[in-house]
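# Topology and contacts: notes
Each chain is listed here by its residues.
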Amino acid sequence: MLKTATLHAYVPAHNVERCRRFYDEKIGLGPGRKAGPGYTFECAGGTSFFVYPSPGAGTNKASCAFWHVDDVAAVVDWLKVRGVVFEQYDMPETAPGSRIYPAEDASAAWFKDTEGNIMAVVQSPY
């Protein structure tokens, strides 16, 4: 039954307004739509995520969500110009100084939002 339903992510925030501004302005998804105590941001294909108040924001040590993109390097460059800082992880296959992590069939880059949530952009054939 869930196979045909769209999936939407939750993104916790200590400060919903600060987080909303990050996704509105830095990530370029704005304006978010007010929804109860938070904001919904719509993306392609009927997908979205909901920023909501939570004391657990930023406690997840893994990715919260990712955007599937056609050109991860172009997206990383565009976001860097907007002030987004990408994480650097110690992975042997990564070129020195690069924030894009290649894998056999995918490339990825991770950043944290204002609340410490880890988000990613991923380029892959699937």
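Owing to the predicted nature of the structure, the values given are computational and were not obtained by experimental measurement. (Residues numbered from 1 in each chain as written. Predicted model: local features only at pLDDT ≥ 70, side-chain atom pairs only at ≥ 80, totals over all residues. Heavy atoms only, no water.)

Here the focus is the sheet that holds strand β6 (residues 101-102). Spatial strand order, β5-β8-β7-β6: 4 strands in an open sheet with mixed pairing. Both edges of this open sheet fall to β5 (63-68) and β6, since each of them pairs with a single strand only. (Pairing = 2+ DSSP bridges. Helix = DSSP H or I, 4+ residues; strand = E, 2+ residues; numbered from the N terminus.)

Within this structure, the stated rule accounts for 14 aromatic pairs. Seen from their ring centres, F86 and F111 are 5.6 Å apart, and the 75° between their planes marks the pair as edge-to-face. Of this pair, F86 sits in the loop between α2 (72-81) and β6 while F111 is found in strand β7 (residues 107-112), placing the two residues 25 residues apart along the sequence. Neither F86 nor F111 differs from the other in exposure class; each is buried. Measuring from centroid to centroid gives 5.5 Å for Y89 and W110, while their planes differ by 80°, and the two rings are edge-to-face. With Y89 in the loop between α2 and β6 and W110 in strand β7, this pair connects stretches of sequence that are 21 residues apart. (Phe/Tyr/Trp six-rings, centres within 6.5 Å; stacked < 30°, edge-to-face > 60°. Buried < 20%, exposed > 50% of the residue type's maximum accessible area, 1.4 Å probe, protein only.)

All right, on to the layout of surface pockets then. Counted as a void, the largest pocket has a volume near 290 Å³. Along the walls of the largest pocket sit L7, H8, A9, C43, A44, T47, S48, F49, A65, F66, W67 and M119, which together make up its complete lining. Listed by contribution, the elements that provide at least two residues to the lining of the largest pocket are β4 (48-53) and β5. Among the elements that make up the lining of the largest pocket, the one with the highest residue count is β5 (3 residues). (1 Å grid on protein atoms, 1.4 Å probe; cavity = no way out; pocket = protein on both sides within 12 Å on 5 of 7 lines; lining within 4 Å. Points joined across faces, edges and corners; volume = space filled by probe spheres on them.)

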